[in-house]
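The chain contents come next:
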Amino acid sequence: RDSKALPESKKSAGGLLGLPDLKGKIRQGQLKMFDVRMADALVNLTANKGVLDIHQETRLYEGTLKGDAGIDFRSGKPKTVVKTVLTAVQGGPLLADVTGVDRIIGKANANVDLSMQGAEADEIKRTLTGTTRFAFADGALKGINLAKMIRSTYQVVKGTPSEANDNVEQTDFSEFSATVKWDKGLARNDDLSLKSPLLRVGGDGQVDLPRDSVNYQLR
């Protein structure tokens, strides 16, 4: 709605920025947003004096998503806060739809608590702050067989004949989890853990989004 059509008493900082005061609810049986497929989606929207609040609940890849987002337009530069909880979501199909890469199998629980500023990707990278955590259960990493790599390397070092080929290129796990702490675009992880019948994998390091650099170690 055009903000010029609002009564003078209803105009706000948000209205001047093209965001009129509003309150509404959206229900959708099937919804696709940013290539993410949702079902039974409920979205509550409230805009008041330049601040937009969004509450969402939906079924998502056999699990559920509940989340809140707030966007403050009053300074002319959007300031965004996002808090989301994913429960028992099939992580592989979700990540495949979002990234186009099918690399993981398993149900995931995740928590996202992030804040950022700006509307451009570069500024969002520089200001991204908060915490994210994920935990996959009873799944597999596709495209890499860590146990096979270790056996093959051991056989080469010992000079022993190779065993029968294992053509399954995936690493099964009972648990795969990590916590990432964000500080102005610098992502730090110190507790990556992957547990399988044959392996224990740990990891720590950091990713610098503004500089497009990675410094990470797997053990």
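Cut-offs used in this document
- One numbering rule holds for all chains: residues counted from 1, following each sequence as written.
- For this predicted model, a pLDDT threshold of at least 70 governs which residues receive local features, and a threshold of 80 or more governs which side-chain atom pairs are given and counted, while totals over whole chains, interfaces and linings are taken from all residues.
- With hydrogens and water excluded, all non-hydrogen atoms of the structure serve as input to the side-chain values.
- Put simply, DSSP H or I for four residues or longer makes a helix, DSSP E for two residues or longer makes a strand, and each gets a number counted from the N terminus.
- Any two residues having at least one pair of non-hydrogen atoms within 4.5 Å are treated as being in contact.
- What sets the accessible areas is the Shrake-Rupley method with a 1.4 Å probe; for residues, cover comes only from the shown protein chains.
- Salt bridges, as used here, are contacts in which a Lys or Arg side-chain nitrogen is within 4 Å of a carboxyl oxygen on Asp or Glu.
- Only protein chains enter the calculation, and the probe is 1.4 Å; a residue is then buried if its accessible area is under 20% of its type maximum, exposed if over 50%, and partly exposed in between.
- This arc is built from the directions going out from the helix axis to the C-beta atoms.
- Any two rings among Phe, Tyr and Trp, with Trp reduced to its six-membered ring, count as a pair given centres within 6.5 Å; such a pair is stacked if its planes are under 30 degrees apart, edge-to-face if over 60, and tilted if neither.
- Any two strands are treated as partners once DSSP identifies two or more bridges connecting them.
- To get an axis, a line is fitted to the C-alpha atoms, and for a helix only the part in contact is used. The angle between two axes follows their N-to-C directions and goes from 0 to 180 degrees.
- In this scheme, a helix's expected span is set at 1.5 Å multiplied by one less than its residue total.
- Under this definition, polar contacts are N or O atom pairs within 3.5 Å; protein pairs additionally need one hydrogen-donor-capable and one acceptor-capable atom, and for neighbouring residues in sequence, both atoms have to be side-chain atoms.
- Exposure above 30% relative accessible area and no salt bridge define the residues that can form patches, which grow by joining like charges within 9 Å and nonpolar side chains of Val, Leu, Ile, Met, Phe, Trp and Tyr within 5 Å.

Chemist: Lay out the overall build of the protein in plain terms, naming residues and giving numbers.
Modeler: Along the protein, the regular secondary structure elements total four helices and eleven strands. The long-range fraction of contacts in the protein, counting pairs at least 24 apart against all pairs at least 6 apart in sequence, stands at 45%. When the accessible surface of the protein is summed, it comes to about 14000 Å², and 54% of that surface belongs to carbon and sulfur atoms.

Chemist: Got a sec to walk through the pattern of salt bridges? Specific residues and values, please.
Modeler: Tallied over the full model, the rule gives twelve salt bridges. Between Glu123 and Lys77 there is a salt bridge, with its nearest N and O atoms 3.0 Å apart. Taken as a pair, Glu123 in helix H3 (residues 121–127) and Lys77 in the loop between strand E4 (63–72) and strand E5 (79–90) lie far apart in primary sequence, 46 residues in all. A relative accessible area of 17% places Glu123 in the buried class. For Lys77, a relative accessible area of 38% translates into the label partly exposed. Taken together, the shared-partner salt bridges in this structure form one network comprising Arg188, Asp190, Asp204 and Arg219.

Chemist: Now, about helix H2 (residues 91–99): what can you tell me, with residues and values included?
Modeler: Each turn of an α-helix holds 3.6 residues, which means side chains three or four residues apart point in the same direction. Where H2 is concerned, the buried positions are Gly91, Gly92 and Leu94. Projected onto a plane normal to the axis of H2, the buried residues spread over an arc of 165 degrees and lie on a single side. Positive backbone phi, approximately 80 degrees, marks Gly100, located one or two places after H2.

Chemist: Go over the packing of aromatic side chains with me, naming the residues and quoting the values.
Modeler: Scanning the entire structure with this criterion turns up four aromatic pairs. A ring pair is formed by Phe136 and Phe176, whose centres lie 6.2 Å apart and whose planes are at 25 degrees; its orientation type is stacked. Placement of the pair is Phe136 in strand E7 (residues 129–142) and Phe176 in strand E8 (residues 170–183), with a sequence separation of 40 residues. Neither residue differs from the other here; Phe136 and Phe176 are each classed as buried.

Chemist: Let's hear about unusual backbone geometry: which residues, and what values?
Modeler: The phi angle at Asp40 is positive, at roughly 50 degrees, despite the residue not being glycine. Within the element layout of this structure, Asp40 appears in strand E2 (residues 36–48). Taking relative accessible area as the criterion, Asp40 reaches 46% and is therefore assigned partly exposed. Phi is positive for Tyr61, close to 50 degrees, though the residue is something other than glycine. As for its placement among the helices and strands, Tyr61 is situated in the loop between strand E3 (51–60) and E4.

Chemist: Could you give an account of the sheet that holds strand E6 (residues 104–117), naming the residues involved and the relevant values?
Modeler: In spatial order, the strands read E1-E2-E3-E4-E5-E6-E7-E8-E9-E10-E11; together these eleven strands make up an open sheet with antiparallel pairing. One side of each edge strand has no neighbouring strand; the edge strands of this open sheet are strand E1 (22–33) and strand E11 (213–218). Strand-to-strand twist of the sheet, defined as the mean angle between neighbouring strand axes without regard to direction, takes the value 10 degrees. Sheet topology places E3 next to E4; ten bridges connect them, and they run antiparallel.

Chemist: So what about helix H4 (residues 146–158)? Which residues, and what values?
Modeler: For H4, which comprises 13 residues, the first-to-last C-alpha distance of 18 Å matches the rise-based estimate of 18 Å (1.5 Å per residue) to within 8%. A distance of 3.4 Å separates the backbone nitrogen of Ala147 from a side-chain oxygen at the start of H4, and that oxygen is part of Asn145. Two residues or fewer after H4 comes Gly159, characterised by a positive phi angle close to 70 degrees.

Chemist: Describe the pairing of E3, with residues and values.
Modeler: With eight bridges joining them, E2 and E3 adopt antiparallel strand pairing. Note on E3: the bridge partner recorded for Val43 is Gln56. The loop that links E2 with its antiparallel partner E3 comprises two residues; one of these, Lys49, has a positive phi angle of about 55 degrees. Two successive antiparallel strands, E3 and E4, enclose a turn made up of two residues, where Tyr61 displays a positive phi of approximately 50 degrees.

Chemist: Tell me what's going on with a nonpolar patch on the surface, and back it up with residues and numbers.
Modeler: Residues Val214, Tyr216 and Leu218 make up a contiguous nonpolar surface patch of roughly 320 Å² in combined accessible area. By secondary structure assignment, the location of Val214 is in strand E11.

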